[in-house]
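One letter stands for each residue in the lines below.
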Amino acid sequence: MKLCMIGAGYVGLVSGVCFSDLGNTVYCVDKNKEKIDLLNAGHLPIYEPGLEEILKKNFKQKRLIFTSDLKFAVQKADIIFICVGTPTKKNSNSADLKYIFQVVNQLKKYINKYKIIVTKSTVPVSTGDKIENILLKQKKRKIVDIVSNPEFLREGEAIRDFIYPDRVVIGTDSIKANKILKSLYLPIVKKNNRYFNTSRRAAELIKYASNAFLATKISYINEMANLCEKVGVDIKDISLGMGTDQRIGERFLRAGPAYGGSCFPKDTRALIDTANLFKTNLSIVKTVIKSNEHRKLLLTNKVKKILKNKLKNKVITFLGVTFKPNTDDMREASSLFMIPKLNKLNARIKYIDPSGKKKEFNNLKNVKFCKDISSACYKSDLIIIHTEWNEFKLLNFKNLVKKKDFVIFDMRNIYSPLKMKNLKIKYFAVGRQSN
Ligand code: UDX
């Protein structure tokens, strides 16, 4: 099939590259010419393990075409995927749909024969109806079907998530569009019955409902971790004991810092906005947002407590600053809250992240990026394990820090408290006894 992905960002690029690997011809369009040049030169504008190899292979075989010419790509394709960003509007909770409607207004000029227009971007319930109205005004309705097909790709795991999806959700009541999309997805859903056709509005809501639920699960276990610290119980035992109940499930029950990333914070806020619009009180999701915000402060206060409120000139090392491992994404990372706060209290911060230096900290005095783990840890007073990159999982801290009386704050519960105790290293974690 011939596909057009509009927006060569995370969603468009990962999906486009993976679709081309299934044998489709994919036109990836982006208005940013620099990005297109970069892609045509075989380089990735995003960090995603394994993506570059698949891109190069399919580019060579001419199944992947990168262009800024929207008209050309739209007219070539049978299915058009809208994959542009829907960030939070300034000073509001609602999703900014301006990029979506810019694209739709261009599409109405270029559509020349029957096309399926699929929204992959995360959009509030009823956006598909609005898109349809715009195209209907132009009397293009008979030759387009507007479908919602939310993506559930996790950064760092996106290729696996694409090839082995838990489900593919297709929101449309068009039998024709559903049949075509089913055959597009067949290679990845045939092994199990994971293809799910529903109404367009339901598909739009499934995405938000899923992300808000996962955010709730994380916040729940994070709050449980707070209680564990008080009652002398290990949160890992609670996660395991709860998670083995199949009705609960063991995934997304890892306690840690506040959740971040490009989806959970944005989507929970946008869901509240939609609920307000439809005069519904989603009190649980509202509480989750508050709890997650509060968690940033809670863990920062714990850092202060560990250092007995004497932060002046204390050297604090952050191992990892991204919101999760295997990504270079800093969006809504809790380190963006913690590092400036600790820095303001005159602590000296060193950080290392396998995805490189972060521009977000460039203007902060006494915040230094280190290229290797040993220089990051050397003579540090406090090591904070902020992001669970594999690189940080088997460290010999005594050899690295080369200093008496240093402390570790393991925000991801990677290390064993008992082993730390035996090594006589002062160790704090999340939802576990410290020593
Ligand atoms: C998420 C969704 O999982 C994906 O389906 C969606 O479409 C896009 O948003 P992503 O933001 O890439 O994916 O990351 P995810 O792996 O879901 O983690 C999000 C945040 O939750 C991270 O900050 C992570 O550290 C945190 N998290 C996750 C926990 O704190 N504990 C867990 O058990 C799981």
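Calculation rules
- Residues numbered from 1 in each chain as written.
- Predicted model: local features only at pLDDT ≥ 70, side-chain atom pairs only at ≥ 80, totals over all residues.
- Heavy atoms only, no water.
- Helix = DSSP H or I, 4+ residues; strand = E, 2+ residues; numbered from the N terminus.
- Buried < 20%, exposed > 50% of the residue type's maximum accessible area, 1.4 Å probe, protein only.
- Salt bridge = Lys/Arg side-chain N within 4 Å of Asp/Glu carboxyl O.
- Phe/Tyr/Trp six-rings, centres within 6.5 Å; stacked < 30°, edge-to-face > 60°.
- Disulfide = S-S within 2.5 Å.
- Near = heavy atom within 4 Å.
- Polar contact = N/O pair within 3.5 Å; in protein donor to acceptor, adjacent residues only side chain to side chain.
- Nonpolar A, V, L, I, M, F, W, Y, C, P; charged D, E, K, R; others polar.
- Domains from an automatic or database assignment.

(A) A look at the side chain of Arg 269. Tracing the backbone shows Arg 269 in helix H11 (residues 264–277). When its relative accessible area of 19% is taken as the criterion, Arg 269 is described as buried.

(B) Geometry of the pattern of salt bridges. All told, the structure shown has 23 salt bridges when counted by the stated rule. Across the pair Glu 332 and Arg 269 runs a salt bridge whose closest N-O atoms are separated by 3.0 Å. Taken together, the residues span a long stretch of sequence, with Glu 332 in the loop between strand S9 (315–319) and helix H13 (335–344) and Arg 269 in helix H11 at a distance of 63 residues. By relative accessible area, Glu 332 is classed as partly exposed at 25%. The partner of Asp 329 in a salt bridge is Arg 331, and the shortest N-O contact between them spans 2.9 Å. A relative accessible area of 8% means that Asp 329 is categorised as buried. Here the salt bridges share partners, and the residues they tie into one network are Asp 129, Glu 132, Arg 200 and Arg 201.

(C) Inspection of the packing of aromatic side chains at higher detail. By the definition in use, this model includes 11 aromatic pairs. With a centroid separation of 6.3 Å and an interplanar angle of 65 degrees, the aromatic rings of Phe 252 and Phe 264 are classed as edge-to-face. Separated by 12 residues along the polypeptide, Phe 252 in the loop between helix H10 (235–243) and H11 and Phe 264 in helix H11 bring together distant segments of the chain. Phe 264 gets classed as buried once you look at its relative accessible area, which sits at 12%. Arranged with centres 5.3 Å apart and planes meeting at 70 degrees, the rings of Tyr 351 and Phe 361 form a pair that is edge-to-face.

(D) Geometry of the state of the cysteines. Using the criterion set out here, one finds 0 disulfides in the structure. Not engaged in a disulfide, the cysteine Cys 18 finds its nearest cysteine sulfur in Cys 28; these two sulfurs lie 11 Å apart. Cys 370 supplies the cysteine sulfur nearest to Cys 377, a cysteine that is in no disulfide, at a spacing of 8.6 Å.

(E) Broad picture of the site of the ligand. Near the ligand, the surroundings consist of 18 residues, among which Glu 155, Lys 207, Arg 254, Cys 263 and Lys 324 are the closest. One of the backbone N or O atoms of Arg 254 is found 2.9 Å from a nitrogen atom in the ligand. In the environment of the ligand, an oxygen atom lies 3.0 Å from a nitrogen or oxygen atom belonging to the backbone of Phe 323. The element best represented in the shell around the ligand is helix H9 (residues 200–231), accounting for 3 residues. For the shell around the ligand, the residue count by class is 9 nonpolar, 2 polar and 7 charged. For the shell around the ligand, the domains that each give at least three residues are domain 1 (2–198) and domain 2 (202–435).

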